[in-house]
Amino acid sequence: PKGTNVTINGLTTNDGVTAVNAILHSDPVVQIGVDIVKGVANKTSDIAGDATTTSIILTDAFAGTALEELKLGKDGMTIRSQLLARVAAIQERLNEQQRPASQEDLVKIATTSSESKFLGELVADVVTKVGPQGIINLSMDGSVNTTYDIESGYRLEKGVLSTTMLHQGLLHLENIRVLVADKKFSDAQEILSIMEKCAEKGIKELVIICE
């Protein structure tokens, strides 16, 4: 919350991952270090969605400690093992202290991030309504107002793989099993093994949702 703003290509932001991704250094050796920090920030953004600046600060602290140890002649692999042990201890402490986020917590976090109490309350309201497994999409419509719509269920951007599966443009199935996969099936054997499992259990109809 105390991070200062930076302007990058006309965009003013205090988002850590946006700032670090814009850094290019003339020294290729220094750039290697920058790229490592970029990787940390982007991974934090992908997994947690926030706290990228915190992860950058922690990376700096760990790297600084490791470099001091190297100067004293300590073996690199030993330093790595010690750092991993410390990280594990920190994670254990954090797990002991964690608790579910309350509505008040969500409002504080969103308000700090958006720098707006109105947006903070709106975002917290949306997050509470869709739940931890919900998906939130942002879009610009040119309006001066910020609003939200909640849709139940699951919407697919694309339809069936082949139109031969359709009857008069539609496909209606009842009492089916649905397999949702976060991957692309490139090997027919993978599909066959799934179908064999279905056949063993008497499942005759299966819908696969994947890339």
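Residues numbered from 1 in each chain as written. Predicted model: local features only at pLDDT ≥ 70, side-chain atom pairs only at ≥ 80, totals over all residues. Heavy atoms only, no water.

A. Up close: unusual backbone geometry. The phi dihedral of E115 is positive, around 60°, even though this residue is not glycine. For E115, the location among the structural elements is in the loop between helix 5 (103-114) and helix 6 (117-130). A residue is classified by how much of its surface remains accessible, and E115, at 57% relative accessible area, is exposed. (Helix = DSSP H or I, 4+ residues; strand = E, 2+ residues; numbered from the N terminus. Buried < 20%, exposed > 50% of the residue type's maximum accessible area, 1.4 Å probe, protein only.)

B. Structural view of the packing of helix 3 (residues 52-71) against helix 4 (residues 76-97). For the pair helix 3 and helix 4, interaxial distance at closest approach is 10 Å and the crossing angle is 145°. Regarding helix 3 and helix 4, the two cross each other, and that crossing is right-handed. For the pair helix 3 and helix 4, the contacting residues are F62, T65, A66, E69 and L70 in the first and G76, I79, Q82, L83, R86, V87 and I90 in the second. (Axes fitted to C-alpha atoms, helices over the stretch in contact; angles between N-to-C directions. Left-handed = near helix turned anticlockwise from the far one by under 90°. Contact = heavy atoms within 4.5 Å.)

C. Just empty space enclosed by the protein, in detail. Counting across every chain of the model gives 1 cavity of 30 Å³ or more. If you add up the space inside the largest cavity, you get close to 40 Å³. Taken together, T65, A66, E69, I79, Q82, L83 and R86 form the lining of the largest cavity. Sorting the residues of the lining of the largest cavity by element identifies helix 3 and helix 4 as the ones contributing at least two each. With 4 residues, helix 4 is the largest single contributor of residues to the lining of the largest cavity. Grouping the amino acids of the lining of the largest cavity by side-chain chemistry returns 3 nonpolar, 2 polar and 2 charged. (1 Å grid on protein atoms, 1.4 Å probe; cavity = no way out; pocket = protein on both sides within 12 Å on 5 of 7 lines; lining within 4 Å. Points joined across faces, edges and corners; volume = space filled by probe spheres on them. Nonpolar A, V, L, I, M, F, W, Y, C, P; charged D, E, K, R; others polar.)

By themselves, these are just geometric observations and shouldn't be taken as functional.
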